[in-house]
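Descriptive structure summary
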Amino acid sequence: PVKVSVGSIVEYTIRVYNEGQIDGYANTIKDHIPEQLEYLPDNATNKQYEWEMLDKDGNVTTDVKNATVLRTSYLSKDKETATRKNKISAFDGTTLDYKDVVVAFRVKQTDPMPNKITNIADISDFSDKDGNDVKDRDSDKDNVKIPEDLPGYKDDEINNSYVPGQEDDDDFEKVSIVEFDLALRKFITAVNDTQIASRIPQVDVSHLKDGTATSATYTHPKDPVLVSNGNIVTYTIRVYNEGNVNGYASLIKDDIPEGLEFLPDNETNKEYRWILLDSEGNETTDATKAVSIATDYLSKDQEKTAKENLLKAFDPNTMTEPDHKDVKVAFKVVESNTSDRIIINKAQISDDSDEDGNEIKDKDSIPDEWNKGEDDQDIEKIKVQYFDLALRKWVTQ
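For the structure given in this document, a descriptive report is provided here. Every value quoted in this text rests on a predicted model; they were computed, and no experiment measured them.

If you walk through the whole model with that rule in mind, you get nine aromatic pairs. Ring centres of Y12 and F105 lie 5.9 Å apart, and the angle between their planes is 75 degrees; on these two criteria the pair is classed as edge-to-face. Here the residue Y12 occupies a position in strand 2 (residues 9-17), and F105 occupies one in strand 8 (residues 98-107), the gap between them amounting to 93 residues. Measuring from centroid to centroid gives 6.1 Å for F262 and F331, while their planes differ by 65 degrees, and the two rings are edge-to-face. Residue F262 is found in strand 18 (residues 260-262), and its partner F331 is found in strand 22 (residues 323-333); the two are separated by 69 residues along the sequence. Residue F262 is classed as buried on the basis of its relative accessible area of 7%. Take F331: its relative accessible area is 0%, and that puts it in the buried class. Members of the aromatic cluster, connected to one another through ring pairs, are Y12, Y39 and F105. Over the aromatic face of F126 sits the side chain of K141, whose NZ or CZ is 5.1 Å from the ring centroid.

Here it is in structure tokens:
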């Protein structure tokens, strides 16, 4: 099976060969739509090859939700033109003549979601070169029976060689579902010039390897780091790829909580390309209007060499932890020294993409939305330690 993810657009080519001694036409080709594939009527490829949708009773429908079968007469004798030669010539003893049609689907989520999708196509009507009815020597028209276990269709026969369909005028193709899954962790790595290593996440991937969980476990302290007014606190934001699809953390967002001041001219902040955002999410240069910051430092567009920002898919056989990339950000503590408030700073993945820079769905998180329990977001805490001496005076002699 070819590996795909939910949301992928998959194009299938259906090729009709003429193995016989008579020229002919594949007048009607059908494609049987599995539950996990969504037909795209407005897709340019589908329009080109003139597919129409049929419901379960074989009637033409315009409702994608009711469509169970696709049908096209694109290769028929009736559709032949001066520029579209549809006749498939007889086998000349050396070369098999053929004609193609192509169909596109989007992979969609179902519940339950199988780990494979099987799609079957067949020739449902054919004729000789004059358009007359003719008998195929080893196949019947419209013969396909859709198995009850469609995802597992012919799995026990598949090896590296060709596996026939039910007859030789039908065939199947399989894709396997892989999942895109980025996770984010945030931790303090410096206060002024003092480096802090104790808060770096310790990653446990045993659950990923044995299949009992869908996420790694990250252990790192979340008790507040004690700081003082005026301190410069450096946070590291680390993005892991827990899934089995390569991808990018195209945009990372960090909020600016009360008590912290973003430093636009700080060398760390300039290096990691942080910009200010207002309450509407628009870029601003006015620090008084800024409520958050964002960076595209890890995006595909910002690569200086190919794939340097790519987060590689997790391979349990070769990797001891998911691949990761870091960005850093520095804030100045402006909280009063008399405050006993815990300052919480939030970071999240605001946009992501696949290896080619295309939009992709994360299996357990929604980018740019703070939803409880999602793993593409994290917090870090600080607390101002205040200085407080007391004095009392009394006569002792």
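After presenting the structure, the write-up continues.
Below, the discussion takes up the pairing of strand 11 (residues 182-191). Taking burial as the measure, the ten residues of strand 11 include ten buried ones, the bulk of the element. As paired strands, strand 11 and strand 16 (residues 232-241) are joined by nine bridges and run antiparallel to one another. The partner of F187 across the bridge, within strand 16, is T236. Taken together, the two bridges between strand 11 and strand 12 (residues 194-195) define a ladder with antiparallel strand orientation. Paired with V191 across the bridge in strand 12 is T194. Connecting strand 11 to the antiparallel partner strand 12 that follows it, the hairpin turn spans two residues, and N192 within it adopts a positive phi of roughly 55 degrees.

What follows is about the nonpolar core. Core analysis: the biggest nonpolar cluster contains 36 residues, and I252, W274 and I382 have the highest contact counts within it. Taken together, the elements giving at least two residues each to this core come down to strand 11, strand 15 (225-227), strand 16, strand 17 (247-255), strand 18, strand 22, strand 23 (342-354) and strand 24 (377-384). If near-sequence neighbours (up to four positions away) are discounted, I252 is found in contact with L184, I237, V239, W274, I293, A294, T295, L298, V327, Q348 and S350. If you look at the next biggest cluster of nonpolar residues, it comprises 30 residues, including I14, V16, Y39 and V102.

Attention now goes to the layout of surface pockets. Roughly 1,200 Å³ of volume is contained in the largest pocket. Surrounding the largest pocket, 45 residues form its lining, V16, Y17, I123, D168 and D169 being those nearest its centre. At the level of elements, strand 1 (2-4), strand 2, strand 3 (24-32), strand 9 (116-128) and strand 10 (170-177) are the ones that each hand at least two residues to the lining of the largest pocket. Residue classes in the lining of the largest pocket are distributed as 21 nonpolar, seven polar and 17 charged.

With respect to the helices, strands and loops of the structure, T61 is situated in strand 6 (residues 60-61). Judged by relative accessible area, which is 14%, T61 ranks as buried. Among the polar contacts listed, one links the side chain of T61 to the backbone nitrogen of D63, at a separation of 3.0 Å. Look past the residues within four positions of T61 in its chain and what remains in contact with it is M53, L54, D55, N66 and A67.

What follows concerns the sheet that holds strand 5 (residues 52-54). The seven strands lie next to each other as 1-10-9-3-7-5-6, forming an open sheet whose pairing is mixed. The open sheet is flanked by strand 1 and strand 6, the only strands paired with a single partner.

This part takes up unusual backbone geometry. Look at the link from D111 to P112: it is a cis peptide, with omega at 0 degrees. Note on placement: P112 falls in the loop between strand 8 and strand 9. Look at D142: it is not a glycine, yet its phi comes out positive at around 55 degrees. Looking at the secondary structure, you find D142 in the loop between strand 9 and strand 10. A relative accessible area of 42% places D142 in the partly exposed class. A positive phi angle is found at K307, which is not glycine, with a value near 70 degrees. Here K307 is to be found in the loop between strand 21 (292-295) and strand 22.

Within the element layout of this structure, G131 appears in the loop between strand 9 and strand 10. What makes G131 partly exposed here is its relative accessible area of 40%. A C-alpha to C-alpha distance of 23 Å links G131 and V144, two positions 13 residues apart in sequence.

Across the sheet, seven strands lie side by side as 15-24-23-17-21-19-20; this open sheet has mixed pairing. Looking at strand neighbours, the two that pair on one side only are strand 15 and strand 20 (283-284), the edges of this open sheet. Relative to strand 23, strand 17 runs antiparallel, the two sharing six bridges. Of the residues in strand 23, the one forming a bridge with D254 is A347.

Reading guide: rules and limits
- Residues numbered from 1 in each chain as written.
- Predicted model: local features only at pLDDT ≥ 70, side-chain atom pairs only at ≥ 80, totals over all residues.
- Heavy atoms only, no water.
- Phe/Tyr/Trp six-rings, centres within 6.5 Å; stacked < 30°, edge-to-face > 60°.
- Helix = DSSP H or I, 4+ residues; strand = E, 2+ residues; numbered from the N terminus.
- Buried < 20%, exposed > 50% of the residue type's maximum accessible area, 1.4 Å probe, protein only.
- Lys NZ or Arg CZ within 6 Å of the ring centre and 35° of its normal.
- Pairing = 2+ DSSP bridges.
- Core = buried A, V, L, I, M, F, W, Y, C linked by side-chain atoms within 4.5 Å.
- Contact = heavy atoms within 4.5 Å.
- 1 Å grid on protein atoms, 1.4 Å probe; cavity = no way out; pocket = protein on both sides within 12 Å on 5 of 7 lines; lining within 4 Å.
- Points joined across faces, edges and corners; volume = space filled by probe spheres on them.
- Nonpolar A, V, L, I, M, F, W, Y, C, P; charged D, E, K, R; others polar.
- Polar contact = N/O pair within 3.5 Å; in protein donor to acceptor, adjacent residues only side chain to side chain.

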